[in-house]
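Given next are the chains, with one letter for each unit.
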Amino acid sequence: MSEDKRKPTPEEKAKAAAEAKAKAEALRKQREQEQLAEAGSTANQSVSSESEQSTETKQAQNEAGEGSGVTSDADAKAKAAAAAKAKAAAAAAAAAKAKQAREAGESGGAEGDADAKAKAAAAAKAKAAAAAAAAAKAKQAREAGESGGAEGDADAKAKAAAAAKAKAAAAAAAAAKAKQAREAGESGGAEGDADAKAKAAAAAKAKAAAAAAAAAKAKQAREAGESSGAEGDADAKAKAAAAAKAKAAAAAAAAAKAKQVREAGESGGAEGDADAKAKAAAAAKAKAAAAKAKQAREAGESGGAEGDADAKAKAAAAAKAKAAAAAAAKAKAVQGASAEEEAPKPPSKNQPFLDKYIKRITEQFGSDAIEDAYINELAKEVPTIVVKNDQWQDVARFLKEDEQLAFDYLSNLHGVDYEDRMEVYYHFYSYNNRQSLAVKVTTDRENPTIPSVSDVWSGANWNERETFDLLGIYFPGHNDLRRILLPDDWVGHPLRKDYEQYDEEV
């Protein structure tokens, strides 16, 4: 590889860059010195012009004093004072301008914005740099002059002149920059305010827009979170239900497996074969029984129509048989009842007493005195005879006075309305014979009268009066037959079946 085509090493590149940087720095310093020298020459020129003006003024004053001849000392003093005042005013104006330029350069104007301050700072730095460069060049020139001897005087002067020019140029540039900065600060106040306001408004708008965007984003995020809540709940429920189903299925499968394992373990023992056979036999029997039951049920269901006809025929036959049996039983009962009726009843224990009473009365009064005689089964089989009405008085006395009969006690008598007739029922008792007897006496209903027996049995007195009071049966022979329960003016007899109340208000 040739030397031209070889690529430089990093060290060579760094060295070349440092050299280039040093050259650029040297050029920049040289330019600054030249600007300072130009500024210094401009300042010398302005100073010389001012001195020339003052000299001209003095000459004019001298010429005016010489031309006027003898002038007074007061006028000379006034002119000198005016010249001194003018000088002081010029110096004050120059000092004020310098102060303003310095303040403008330092602060860039009280009302300047950040750009003006930056420019003023840059100008101050440039001044300082130019001053430092000028001082350095002056020092170098002095040192060169001191060390260079006689041959260096021309060069030193040229360098001094160049340095002065550079200082003057730098001072002029600094003044121009300060002026521009001041003007920019002054003129830029209103524009700066407008710009600041516009910027502030823009910044406020930007902040508001950013805040609105952030709020919108937060709202969207919140709405998205809220709207996703319901869907999230439904999804969560569905997932929970699916998980529950899966768990239940897994548990059922596990239980089935465990059951199979347990059954296999149980059936897999030493006696497992016999048990398995027994279980198989039982299962086969159960299956056979279920199959038979199913067949029977199906047969019963399919044979429904025929079964219904048979059942109806059987039911009709059974009903007929029942009816025939009931009829036979009824016939038997009727036959038994008729047989019982036809069979003679056994005589009552009081029948002998009845016969005795009939015999004694018939022997005494004939057979016509007794109309009927019977054993009253409904009243403790008391012997009962019916005596004719017209013979009752004689028969009654005979019943009491006859020694064989001896019915000395009349326990009760009462009347009965049969609508076609009326009867009086007498009850006697014989203390000597310890026997009872009932006697009935019949009378016409339209004119009911029965002979009184109150003279035979005194106890018949009030009973006959009661029967007369309630039924209206008269008892001829009674010594005091009148009402006993109702008042004497009572109309009618209440126990008669055709009784009608005379006074409804009673």
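Residues numbered from 1 in each chain as written. Predicted model: local features only at pLDDT ≥ 70, side-chain atom pairs only at ≥ 80, totals over all residues. Heavy atoms only, no water.

1. Some points on the confidence of the model for the protein chain
Where the model shows low pLDDT, its predicted coordinates should not be examined in detail.
Consideration 1: With 65% of its residues at a pLDDT of 70 or more, the protein chain shows a mean pLDDT of 76.
Consideration 2: Note that residues 60-71 has pLDDT below 50 and, in this model, 4 contacts with residues that lie over four places away or in other chains.
Consideration 3: Note that pLDDT drops below 50 for residues 108-112; the model gives that stretch 10 contacts with residues more than four away or on any other chain. (pLDDT = per-residue confidence, 0-100. Contact = heavy atoms within 4.5 Å.)

2. Describing the packing of aromatic side chains
Consideration 1: This structure, assessed with the given rule, holds 9 aromatic pairs.
Consideration 2: Here Y357 and F407 contribute two aromatic rings whose centre-to-centre distance is 5.2 Å and whose plane-to-plane angle is 75°, an arrangement assigned as edge-to-face. In this pair, Y357 sits in helix 7 (residues 351-365) while F407 sits in the loop between helix 8 (392-401) and strand 3 (409-417), placing the two residues 50 residues apart along the sequence.
Consideration 3: On the basis of relative accessible area, Y357 is assigned to the buried category, the value being 2%.
Consideration 4: The class for F407 is buried, based on a relative accessible area of 0%. (Phe/Tyr/Trp six-rings, centres within 6.5 Å; stacked < 30°, edge-to-face > 60°. Helix = DSSP H or I, 4+ residues; strand = E, 2+ residues; numbered from the N terminus. Buried < 20%, exposed > 50% of the residue type's maximum accessible area, 1.4 Å probe, protein only.)

3. Regarding the sheet that holds strand 1 (residues 370-376)
Consideration 1: Taking strand neighbours across the sheet as the criterion, the 5 strands line up as 1-2-5-4-3 in an open arrangement whose pairing is mixed. In this open sheet, the two strands that pair with only one neighbour each are strand 1 and strand 3. Sheet twist, expressed as the mean angle between neighbouring strand axes with direction ignored, is 20°.
Consideration 2: The pairing of strand 3 with strand 4 (residues 422-430) spans 8 bridges and is antiparallel. In the strand pairing of strand 4, L410 is matched with F428.
Consideration 3: In the packing of helix 7 onto the sheet, the strands contacted are strand 1, strand 2 (382-387) and strand 5 (435-443), and the crossing angle to strand 1 comes to about 165°. (Pairing = 2+ DSSP bridges. Axes fitted to C-alpha atoms, helices over the stretch in contact; angles between N-to-C directions.)

4. Structural notes on the packing of helix 7 against helix 8
Two numbers describe a pair of packed helices, the interaxial angle and the distance between the axes.
Consideration 1: Viewed as axis vectors pointing N to C, helix 7 and helix 8 meet at an angle of 125°, and their least axial separation amounts to 11 Å. With respect to each other, helix 7 and helix 8 are oriented oblique. The handedness of the crossing between helix 7 and helix 8 is right-handed. Across the interface between the two elements, R360, I361, Q364 and F365 of helix 7 pack against D394, V395, F398 and L399 of helix 8.
Consideration 2: By residue class, the composition of the contact of helix 7 with helix 8 is 5 nonpolar, 1 polar and 2 charged. (Parallel < 35°, antiparallel > 145°, perpendicular 65-115°, else oblique. Left-handed = near helix turned anticlockwise from the far one by under 90°. Nonpolar A, V, L, I, M, F, W, Y, C, P; charged D, E, K, R; others polar.)

5. Looking at a nonpolar patch on the surface
Consideration 1: A contiguous nonpolar patch, built from W462, I484 and L485 and spanning about 340 Å² of accessible area, is present on the exposed surface.
Consideration 2: Mapping L485 onto the fold places it in the segment after helix 9 (460-471). (Patch = residues over 30% accessible without salt bridge, like charges linked within 9 Å, V, L, I, M, F, W, Y side chains within 5 Å. Areas by Shrake-Rupley, 256 points an atom, 1.4 Å probe, with all protein chains shown as cover. Salt bridge = Lys/Arg side-chain N within 4 Å of Asp/Glu carboxyl O.)

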